[in-house]
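# Report on the structure
Residue-level listing of the chains:
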Amino acid sequence: FNFCNEKKEQSKKLKVERMKKTGEETRTTLKDMEIIQRNDFQNFTLDSVLLADFVKINRKTKKILDIGTGCGIISLLLAKKSQAKIVGIEIQEIMSEIAKKNINNNGVKNQVEILSNDIKNFKKLFKRDEFDAIVTNPPYFEFTGDLNQINDLDQLSRARHNIDLTLENIIEATSYLLKNMGSFSLVFRSDRLVEVILLLKKYNLEPKRMKNCYTKYGNDAKICLLEAVKDAKKGFKIEEAIYIYDENNEKTDYVKSLYGQ
């Protein structure tokens, strides 16, 4: 009896500790930036850092849209490698406020604007052919309606599953908002490659280059980084693969360099 009561008390304490953590702001250092996040929302991962590095920017890139900016990580990294005006859009108001903090705290508020809105309102928010480049790290998983798929925290479910926003929603908006020959870069699970390419072709976005990303040598690819160009001619290349860990299970030099290590 006493043992059971002790277990119940321990369980209560654990629940209280978890509740205390809910909503806490955390801080992560990336290169010379400090990134604020919240422990009850989706935090940025290596995928976003890889995508920002993958994006090609040239002197003609004047305006970039970051769809589903989250804490603003991709917008921040793109601001470090370009002079372009960047707009990050985020549907979850709490995350958009955190993104604004990160933009202000890291000294790029004159270059990056954060909108708290739904990209499905794209025709009301932006002009046709407004952007030279668009990037996104979208929800990875197809939501089938099975509630067992999703997280207890609504905001995490919406970040990971396409409950509010499908890939087709994003690609349709991108086709409308990109200038002729503008680029669209995204990261997604490798098992959705065929689906992504078919959707891109449907909306006149021609796949041009791709990188496969592997956890380590000998494994199947987990994610893909892909760039498509609006109304471009055919011509596609698969670039050198990315490996997260080497043969010794150490992070590769490339991955270390992304974090300033």
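Below is a summary of the structure that appears in this document. (Residues numbered from 1 in each chain as written. Predicted model: local features only at pLDDT ≥ 70, side-chain atom pairs only at ≥ 80, totals over all residues. Heavy atoms only, no water.)

## Topic: the packing of aromatic side chains
Formally: Aromatic pairing here means that ring centres of Phe, Tyr or Trp (its six-membered ring) are within 6.5 Å. Orientation follows from the plane angle: under 30 degrees is stacked, over 60 is edge-to-face, and everything else is tilted. Secondary structure is summarised from DSSP: a helix means a run of H or I of at least four residues, a strand means a run of E of at least two, and numbering begins at the N terminus for each. For every residue, the accessible area obtained with a 1.4 Å probe (protein chains only) is divided by the maximum for its type, and the residue is called buried under 20%, exposed over 50%, and partly exposed between those limits.
This model, assessed by the stated rule, comprises four aromatic pairs. Summarising the aromatic geometry, the rings of Tyr-214 and Tyr-243 are spaced 5.2 Å apart at their centres and angled 20° between planes, so their arrangement reads as stacked. One end of the pair, Tyr-214, is in strand E8 (residues 205-214); the other, Tyr-243, is in strand E11 (residues 242-243), and 29 residues separate them in sequence. Taking relative accessible area as the criterion, Tyr-243 reaches 24% and is therefore assigned partly exposed. Clustering of aromatic rings is evident, with ring pairs tying together Tyr-214, Tyr-217 and Tyr-243.

## Overview of unusual backbone geometry
Here the phi dihedral of Lys-31 falls at roughly 55°; this positive angle occurs in a residue that is not glycine. Relative to the helices and strands, Lys-31 is located in the loop between strand E1 (25-30) and strand E2 (33-38). You can call Lys-31 partly exposed: its relative accessible area is 47%. Backbone geometry places Asn-204, a non-glycine residue, at a positive phi of 60°. Of note, Asn-204 is situated in the loop between helix H8 (193-202) and E8.

## Some points on the nonpolar core
Operational definition: To qualify as a nonpolar core, a set must consist of buried Ala, Val, Leu, Ile, Met, Phe, Trp, Tyr and Cys residues joined through side-chain atoms within 4.5 Å. The contact definition used throughout considers only heavy atoms, calling two residues in contact when any of these lie within 4.5 Å.
In this structure, Leu-30, Ile-35, Leu-50, Ile-73 and Leu-78 are the most contacted members of the largest nonpolar core, which totals 40 residues. Within the residue set of this core, elements represented by two or more residues are E2, helix H2 (46-54), helix H3 (73-81), helix H4 (93-105), strand E5 (112-116), strand E6 (131-136), strand E9 (221-230) and helix H9 (253-258). If we ignore the near neighbours within four places in the chain, the residues touching Leu-30 are Ile-35, Phe-44, Val-49, Ile-73, Leu-77, Leu-258 and Tyr-259. Among the nonpolar cores identified, the runner-up in size contains 29 residues, and Ile-134, Leu-165, Tyr-176 and Met-210 belong to it.

Nothing here speaks to function; it is all geometry.
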